[in-house]
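Read off the chains here:
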Amino acid sequence: EAQVTQNPRYLITVTGKKLTVTCSQNMNHEYMSWYRQDPGLGLRQIYYSMNVEVTDKGDVPEGYKVSRKEKRNFPLILESPSPNQTSLYFCASRLAGGLTDTQYFGPGTRLTVL
Amino acid sequence: RKEVEQDPGPFNVPEGATVAFNCTYSNSASQSFFWYRQDCRKEPKLLMSVYSSGNEDGRFTAQLNRASQYISLLIRDSKLSDSATYLCVVKENTGFQKLVFGTGTRLLVSP
């Protein structure tokens, strides 16, 4: 089954404790992205990757890091989480190029930083 | 001005009603447009692409007006299961072809 998986699905942590949210896709997609979704603000892109070892900042990259060592994996790293990073996070992937390609989202990770 | 703007709603309609959502976008160079559906706190899923000539998928019709830079979604014969948030999405015409999401319009269909 074609899918994007994320782990963990739910996480409660404390300020400053480094964490990683994993993301994996089995569709051989080149493009992958991380978003955060907050009430009234919609989906905002944090980082994106166009292929292995090619990553770039999205609209709200502060406080986050990513890596793309393998095509299928795109982990999101919070080196020192803060309460303003409490949010719902989605990983997504899609094929490169094309006008009508679908973006597939993972199930989401609900993060609470105390 | 936001890149993609939608009325947040909620739109409260009875079963069987016809409801329409509009969305405006600011980048006139945008070439691809979509509607995604998101159920409460779940992942967004593609509902349909929006073509210049307009397109229909069952009870759903999407239209694009490039001159006025707006996209519409019409839902006929609303079902309870249509209750969700509908996200308007515009693909930028840049190297990464970034997807820009509206904040969504919430639809509540009642019996």
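Residue numbers here run from 1 along each chain, matching the order of that chain's written sequence. Lettering for chains starts from A, numbering for ligands starts from 1, and both go in the order in which the items are written. In keeping with the model being predicted, local features are shown solely for residues with a pLDDT of at least 70 and side-chain atom pairs are shown and tallied solely at 80 or more, while totals for entire chains, interfaces and linings include all residues. Each side-chain value is derived from all of the structure's non-hydrogen atoms; neither hydrogens nor water enter the calculation.

What about the environment of A:Lys71?
Residue and element names in this part refer to chain A.
Inference 1: Along the chain, Lys71 falls in the loop between strand 7 (65–66) and strand 8 (76–78).
Inference 2: Placed 55 residues apart in sequence, Lys71 and Gly16 show a C-alpha to C-alpha distance of 29 Å.
Inference 3: By definition, residues are in contact when any of their heavy atoms lie within 4.5 Å. With residues up to four places along the chain from it excluded, the contact list for Lys71 reads Gln25, Asn28, His29, Glu30, Met32, Asn51 and Val52.
Inference 4: At 3.3 Å, the side chain of Lys71 forms a polar contact with the side chain of Asn28. Helix numbering and strand numbering both begin at the N terminus, where a helix is a DSSP run of H or I of at least 4 residues and a strand a DSSP run of E of at least 2. We define a polar contact as two N or O atoms separated by no more than 3.5 Å, with the added condition that, inside protein, one atom must be a possible hydrogen donor and the other a possible acceptor, whereas residues neighbouring each other in sequence contribute only through side-chain atom pairs.

Focus: the side chain of A:Gln25
Residue and element names in this part refer to chain A.
Inference 1: Tracing the sequence through the fold places Gln25 in strand 3 (residues 19–25).
Inference 2: A distance of 3.0 Å separates the side chain of Gln25 from the backbone nitrogen of Met27, its partner in a polar contact.
Inference 3: For Gln25, the side chain forms a polar contact with the main-chain oxygen of His29, separated by 2.9 Å.
Inference 4: The contact partners of Gln25, leaving out residues within four places of it in the chain, are Gln3, Val4, Met32, Arg68, Lys71, Arg72 and Ser93.

Points about empty space enclosed by the protein
Residue and element names in this part refer to chain B.
Inference 1: Lining residues are those with an atom within 4 Å of a point, where the points come from a 1 Å grid over the protein atoms alone and group into cavities, where a 1.4 Å probe fits but cannot get out, or pockets, open sets with protein on both sides within 12 Å along at least five of seven lines. Grid points are joined across faces, edges and corners, and a volume is the space filled by probe spheres set on the points. For the structure shown, the criterion picks out one cavity of 30 Å³ or more.
Inference 2: In this model, the largest cavity occupies a volume close to 40 Å³.
Inference 3: Considering the residues around the largest cavity, the lining is formed by Glu3, Val4, Tyr25, Ser26, Asn27, Ser30, Val90, Glu92 and Val100.
Inference 4: Asp, Glu, Lys and Arg are counted as charged, while Ala, Val, Leu, Ile, Met, Phe, Trp, Tyr, Cys and Pro are counted as nonpolar; the rest, among them Gly, fall into the polar class. Looking at the lining of the largest cavity residue by residue, the classes come out as four nonpolar, three polar and two charged.

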